There are 2 protein chains.
Amino acid sequence: MKKHNFSAGPSILPQEVFEKSAQAVLDFNNSGLSILEISHRSKDFVAVMEEARATALELLGLEGKGYKALFLTGGASMEFVRVPYNLLKENGKAAYLDTGTWASGAIKEAKRFGTTEVIASSKDENYNYIPKGFAVPADADYLHCTSNNTIFGTQMHSFPETNVPLVCDMSSDIFSRELDFSKFGIIYAGAQKNMGPAGTTLVVVKEDILGNTGRNIPGILDYSQHIAKDSMYNTPAVFPVYTSLLTLQWVKRNGGVTAIEKKNNEKAELLYNEIDRNPLFTGTAKTEDRSKMNVTFLLKDEAYTEQFDKLWKEANISGINGHRSVGGYRASIYNAMPLESVKVLVDVMQEFERTV
Amino acid sequence: MKKHNFSAGPSILPQEVFEKSAQAVLDFNNSGLSILEISHRSKDFVAVMEEARATALELLGLEGKGYKALFLTGGASMEFVRVPYNLLKENGKAAYLDTGTWASGAIKEAKRFGTTEVIASSKDENYNYIPKGFAVPADADYLHCTSNNTIFGTQMHSFPETNVPLVCDMSSDIFSRELDFSKFGIIYAGAQKNMGPAGTTLVVVKEDILGNTGRNIPGILDYSQHIAKDSMYNTPAVFPVYTSLLTLQWVKRNGGVTAIEKKNNEKAELLYNEIDRNPLFTGTAKTEDRSKMNVTFLLKDEAYTEQFDKLWKEANISGINGHRSVGGYRASIYNAMPLESVKVLVDVMQEFERTV
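- As named in an unreviewed UniProt entry, chain A is Phosphoserine aminotransferase, taken from Flavobacterium rakeshii.
- For chain A, the Subcellular location (unreviewed entry) comment in UniProt is given as "Cytoplasm".
- You can read under Function (unreviewed entry) in the UniProt record for chain A the words "Catalyzes the reversible conversion of 3-phosphohydroxypyruvate to phosphoserine and of 3-hydroxy-2-oxo-4-phosphonooxybutanoate to phosphohydroxythreonine."

1. Examining the overall build of chain A
- Across its full length, chain A carries nine helices and 14 strands.
- Relative to its length of 356 residues, chain A is compact, with a C-alpha radius of gyration of 21 Å against a globular reference of 21 Å.
- Expressed as lengths along the three principal axes of its C-alpha atoms, the size of chain A is roughly 65 × 55 × 30 Å.
- Residue pairs in contact within chain A that sit at least 24 positions apart in sequence constitute 67% of those at least 6 positions apart.
- A total of about 13,100 Å² of accessible surface is found on chain A, and carbon and sulfur atoms cover 47% of it.
- Here chain A contributes 38 positive and 43 negative side-chain charges, whose respective centroids are spaced 2 Å apart.

2. Some details on the pattern of salt bridges
Residues and elements named next belong to chain B.
- Applying the stated rule across the entire model yields 46 salt bridges over all chains.
- Between Lys-310 and Glu-314 there is a salt bridge whose closest N-O contact spans 3.0 Å. Separated by four residues within a single helix, Lys-310 and Glu-314 lie in helix H8 (residues 305-314), roughly one turn from each other. Considered together, Lys-310 and Glu-314 belong to a single accessibility category, that of exposed residues.

3. Describing the nonpolar core
- Judged by nonpolar contacts, the single largest core of 121 residues is most densely connected at Ile-35 and Phe-175 of chain A together with Ile-35 and Phe-175 of chain B.
- One finds Ala-76, Val-205, Tyr-223 and Ile-227 of chain B within the second-largest nonpolar core, a separate group that totals 59 residues.

4. Notes on the packing of aromatic side chains
- For the structure on display, the rule yields 28 aromatic pairs over all chains.
- With 5.3 Å between their ring centres and 80° between their planes, Phe-28 of chain B and Tyr-242 of chain B make a pair best called edge-to-face. On the criterion of sequence distance, the pair formed by Phe-28 of chain B in the loop between helix H1 (15-26) and helix H2 (43-59) and Tyr-242 of chain B in helix H6 (residues 238-253) is long-range, its members being 214 residues apart. The same class applies to Phe-28 of chain B and to Tyr-242 of chain B, which are both buried.
- Taken together through their ring pairs, the aromatic side chains of Phe-281, Phe-297, Tyr-304, Phe-308, Tyr-329 and Phe-352 of chain A make up a single cluster.
- Over the face of the ring belonging to Tyr-129 of chain A we find Lys-286 of chain A, whose NZ or CZ atom lies 4.7 Å from the ring centre.

5. Re helix H7 (residues 256-277) of chain A
Residue and element names in this part refer to chain A.
- The first and last C-alpha atoms of H7 sit 32 Å apart over 22 residues, in line with the 32 Å expected at 1.5 Å per residue.
- Among the residues of H7, Gly-256, Val-257, Ile-260, Asn-264, Lys-267, Ala-268, Leu-271, Tyr-272, Glu-274 and Ile-275 are the ones counted as buried. Viewed along the axis of H7, the buried residues span an arc of 155°, placing them on a single side of the element. Facing away from the buried side of H7, by more than 90 degrees, are the exposed residues Lys-262 and Glu-269.
- Summarising the contacts, the buried residues of H7 are in contact with helix H2 (43-59), helix H6 (238-253), strand S11 (281-283), strand S12 (294-299), strand S14 (329-332) and helix H9 (339-355).

6. A short note on the interface of chain A and chain B
- Taken together, the 57 residues of chain A in the interface contact 57 residues of chain B.
- Overall, the association of chain A and chain B removes approximately 4,200 Å² of surface from exposure, summing both partners, and the carbon and sulfur fraction of that is 59%.
- Three residues, Leu-36, Glu-37 and Arg-112 of chain A, lead the burial of chain A against chain B; their summed loss comes to 15% of the area buried on that side.
- Summed over the shared surface of chain A and chain B, the number is 22 residue pairs in polar contact (both at pLDDT 80 or more).
- Of all the secondary structure elements, the ones that give two or more residues to the side of chain A that touches chain B are helix H1 (15-26), helix H3 (75-87) and H6 of chain A.
- Residue classes in the side of chain A that touches chain B are distributed as 27 nonpolar, 23 polar and seven charged.

7. Side note on empty space enclosed by the protein
- Inspection of the entire model under this criterion finds five cavities of 30 Å³ or more.
- The calculated volume of the largest cavity comes to roughly 80 Å³.
- If you trace the largest cavity, you find 13 residues lining it, with Thr-235 of chain A together with Gly-74, Gly-75, Gly-199 and Thr-200 of chain B closest to the centre.

8. Focus on the relation of the copies chain A and chain B
- Once chain A has been moved 0.0 Å along the axis and rotated by 180°, it coincides with chain B to within an RMSD of 0.0 Å. The transformation relating the two chain copies, once decomposed into turn and shift, fits a two-fold axis. Among all residues of chain A, the one whose C-alpha sits closest to the rotation axis is Ala-22 of chain A, at a distance of 2.3 Å.
- A symmetric contact is evident, with 100% of the interface residues of chain A recurring at the interface of chain B.

9. Some remarks on the sheet that holds strand S12 (residues 294-299) of chain B
Residues and elements named next belong to chain B.
- If you trace the three strands from one edge of the open sheet to the other, you get S11-S12-S14, paired in antiparallel fashion. Each end of this open sheet is capped by a strand with a single partner; those strands are strand S11 (281-283) and strand S14 (329-332). Direction aside, the axes of adjacent strands within the sheet are offset by 35° on average.
- Across the sheet, helix H7 (residues 256-277) touches S11, S12 and S14, and the angle it forms with S12 is around 15°.
- Docked against the sheet, H8 engages S11, S12 and S14, running at close to 25° with respect to S14.

10. Looking at the pairing of strand S3 (residues 93-98) of chain A
Residues and elements named next belong to chain A.
- With six of six residues buried, S3 is to be regarded as a mostly interior element.
- Burial along S3 is two-sided: the face carrying Lys-93, Ala-95 and Leu-97 and the face carrying Ala-94, Tyr-96 and Asp-98 are both buried.
- Bridging between S3 and strand S4 (residues 115-121) involves six bridges; their strand directions are parallel. Its bridge partner being in S4, Tyr-96 is matched across the sheet by Val-118.
- Handedness of the β-α-β unit built from S3, helix H4 (residues 101-111) and S4 comes out right-handed.
- Relative to strand S5 (residues 142-146), S3 runs parallel, the two sharing three bridges. Within S5, the position partnered with Tyr-96 by the bridge is His-144.

11. Observations concerning the packing of H2 of chain B against H6 of chain B
Residues and elements named next belong to chain B.
- Contact geometry for H2 and H6: axes closest at 9 Å, N-to-C directions at 45°. Our classification of the angle between H2 and H6 gives oblique. Considering only the axes of H2 and H6, their crossing is left-handed. Contact with H2, carried on its side by Phe-45, Val-48, Met-49, Glu-51, Ala-52, Thr-55, Ala-56, Glu-58 and Leu-59, involves Val-238, Val-241, Tyr-242, Leu-245, Leu-248, Gln-249, Val-251 and Lys-252 of H6 and no other residues of that element.
- Residue classes in the contact of H2 with H6 are distributed as twelve nonpolar, two polar and three charged.

12. Notes on the state of the cysteines
Residue and element names in this part refer to chain B.
- Counted according to the given criterion, the structure contains zero disulfides over all chains.
- Free of any disulfide, Cys-145 has its nearest neighbouring cysteine sulfur in Cys-168, separated by 3.8 Å.
- For Cys-168, a relative accessible area of 0% puts it in the buried group.

Here is what the cut-offs are and how they apply
Here the residue numbers are simple positions, counted from 1 along each chain's written sequence. To label them, take the chains in the order written and letter them from A, then take the ligands in the order written and number them from 1. Local features in a predicted model are, by the rule used here, given only for residues with pLDDT of at least 70; side-chain atom pairs are given and counted only at 80 or more, and totals for whole chains, interfaces and linings are based on all residues. For the side-chain quantities, the full set of heavy atoms in the structure was used; hydrogens and water were omitted. UniProt positions are given in the numbering used here, feature names are shortened, and annotations may be inferred rather than shown by experiment. Put simply, DSSP marks the helices as runs of H or I at least four residues long and the strands as runs of E at least two long, and each gets a number from the N terminus on. C-alpha atoms define the radius of gyration in this analysis, and the globule rule sets the expected value at 2.2 Å times the number of residues to the power 0.38. Two residues form a contact once any of their heavy atoms are found within 4.5 Å. Accessible surface is estimated by sampling points in the Shrake-Rupley manner with a 1.4 Å probe; for residues, cover comes only from the protein chains shown. Under this rule, positive means Lys or Arg and negative means Asp or Glu; His and the chain ends count for nothing. For the purpose of locating charges, the reference atoms are NZ of Lys, CZ of Arg, CG of Asp and CD of Glu. Only one rule defines a salt bridge in this text: a Lys or Arg side-chain nitrogen within 4 Å of an Asp or Glu carboxyl oxygen. When accessible area is computed with a 1.4 Å probe and restricted to protein chains, residues below 20% of their type maximum are described as buried, those above 50% as exposed, and intermediate ones as partly exposed. In these notes, a set of buried Ala, Val, Leu, Ile, Met, Phe, Trp, Tyr and Cys residues joined through side-chain atoms within 4.5 Å is what counts as a nonpolar core. Any Phe, Tyr or Trp ring, taking Trp's six-membered ring, that has another such ring centre within 6.5 Å forms a pair; planes under 30 degrees apart are called stacked, those over 60 apart edge-to-face, and the others tilted. Should the NZ of a Lys or the CZ of an Arg lie within 6 Å of a ring centre and within 35 degrees of the ring normal, that charge is described as sitting over the ring. Residue count minus one, scaled by 1.5 Å, sets the expected span of a helix. The arc in question is the one traced by the directions running from the helix axis out to the C-beta atoms. Buried area, as used here, totals the accessible surface that two parts lose on assembly, with accessibility defined by a 1.4 Å probe and the loss added over both. By the criterion applied in these results, polar contacts are pairs of N or O atoms within 3.5 Å in which, for protein atoms, one can donate a hydrogen and the other can accept it, and in which residues neighboring in sequence qualify only through two side-chain atoms. Each residue receives one of three labels: charged for Asp, Glu, Lys and Arg, nonpolar for Ala, Val, Leu, Ile, Met, Phe, Trp, Tyr, Cys and Pro, and polar for the others, Gly being one of them. In this analysis, the protein atoms alone were mapped onto a 1 Å grid. Cavities are point sets where a 1.4 Å probe fits without being able to get out; pockets are open sets with protein on both sides within 12 Å along at least five of seven lines; lining residues have an atom within 4 Å of a point. Grid points are joined across faces, edges and corners, and a volume is the space filled by probe spheres set on the points. The superposition of copies rests on a least-squares fit of C-alpha positions from residues with pLDDT of 70 or more in both. Whether two strands pair comes down to DSSP finding at least two bridges between them. Think of each axis as a best-fit line through the C-alpha atoms, taken over the contacting stretch in the case of a helix, with angles from 0 to 180 degrees between the N-to-C directions. Note on handedness: a crossover is taken as right-handed if, strands pointing away from the viewer, the path from the first strand over the helix to the second is clockwise. To sort the angles, those under 35 degrees are grouped as roughly parallel, those over 145 as roughly antiparallel, those from 65 to 115 as roughly perpendicular, and the leftovers as oblique. Should the near helix be turned anticlockwise from the far one by less than a right angle, the crossing is left-handed, and should it be turned clockwise, the crossing is right-handed. For this text, the term disulfide refers to a pair of cysteine sulfurs within 2.5 Å.

As structure tokens, then:
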């Protein structure tokens, strides 16, 4: 029996994506070959890569606006390195927002490359809010932010207005909501939350911000080289890219980001309403900064932990244990999570209220 | 109908690996979850990673000898960067053997980091042989070589005796033959030839050669950090690692590297004998340096190309077109290629001889 999978990542994908990608492992496009054994230079896979790149730009409303989409490898952690290599000038300055563990990780890597100014941080309250009212230095080479903080359950609901290139790690909320994506210079996202399985990273780059650092960039870390090779600088992660394409096609068929956002709002509202209503629970993130992807909450009385855990396990729920930095629970309700599964969780919370 | 897949990479894997991995995409270990949606921190996946790491060392005979196996991302091209970052001292010197396109790619990246001496090259004859009789500078921080040159069909059948750490790109012949692997400081291999699908890279590191460069190494490029995190520095490529494990288990069950090597010798002998016997064909690599993985050959008279191509296509063969740098044909006969498929190709070559 299929579980209600609230895992923070790798995480749930549409059931039809699992079925189509399993079929492709046995026989891809009736080619008599598995998708795992075909050349990445084969006509069929080049078509997959090109459609994945085009669909990503289309879903973000970025076609014809000077952007290129790349499917790279290494996860967001590799982009923590590629971003300063490609944007931070020798003797330049980078600006970073510190909104959680992953934002801090990005800052740590940038510091190896040069002056890195943390212009605002919510570390003082264990990252339970998004800093506001900060100034962006006009002389920064770029500003880096993290749109959604998977661990702490916070999300940026607005972005700084600035003239410096805005770089955003959208690993955990890419394709989940409408934004004016043309405000960003670079958007990157590890696939394994809202886009596909672990093993590929979507990087969307505005071409005209590249080429200004004066650095000697290793080939595989150089966005320009990946762009020049149409995202085939070396062998891409064939199966993760294919499965990501299947997910992007699913988003598109289901009304694109606009329709997905509406469903995501409905799911988040249902769950947060229950957390706020139910006297046994409390949310961990400041209300105005709550994430619509990762809903973090605590039992007001930890003594009930065993009882609550028993109930949700019986309901065939998995993956809602909180991250050790926050404790409690974290229900990740990414694009592919059906409203029905959220209802099951809410029912369990209500059942729990009735029985303790 | 299943094809005879001679693709140079990504390439053929055992049929049972395709079947088991397709099943895991639908339901992994009867967990009610797809392998694509499970947390990489879940007990089941941690077990996969640990078994993959241990089996890799076991098959190479390196258990208990100070080595760690890692499953990283980025392909061999990323190791072209990680190797100098981790081994080339500031103001130190690296030594490289130039035996083909990929070796040259590695050299190009090392040069960004410091003095890089190409101690021998076969570029003068379009890389159709392996240089011999060169001296390894005793003051080099390491010597880098490429054990098998996929494009040019050559393979190192012996390795230099040296006291400097020996680093080897074994992407296209890992697990294909017995060697004294303890002679190497670092062995790395993109999965997509002999080990699994594209998307993960095996790196085997002798721990005691690390930590001497004085460089400020980005986290994800630092072998020591990957070792400290048991190859989970960040989210690994879950599905490619799982499928690699299935292939490693298959190698082990079939007698390990010793037994695989025997079969590989048989396949290579069959095909090279036909190339040498058949008056219509000629091999491209010097006989003593021929690869047992990638068999490169030409039609003596290119006018027959269309006729020969028609024949092998009718025999359900795919992937034997040569790389543009060499032309002609390249039959890649990796571990998973059955002898029967090689026989089909040899039959086609003989049929071709009878009919022209």
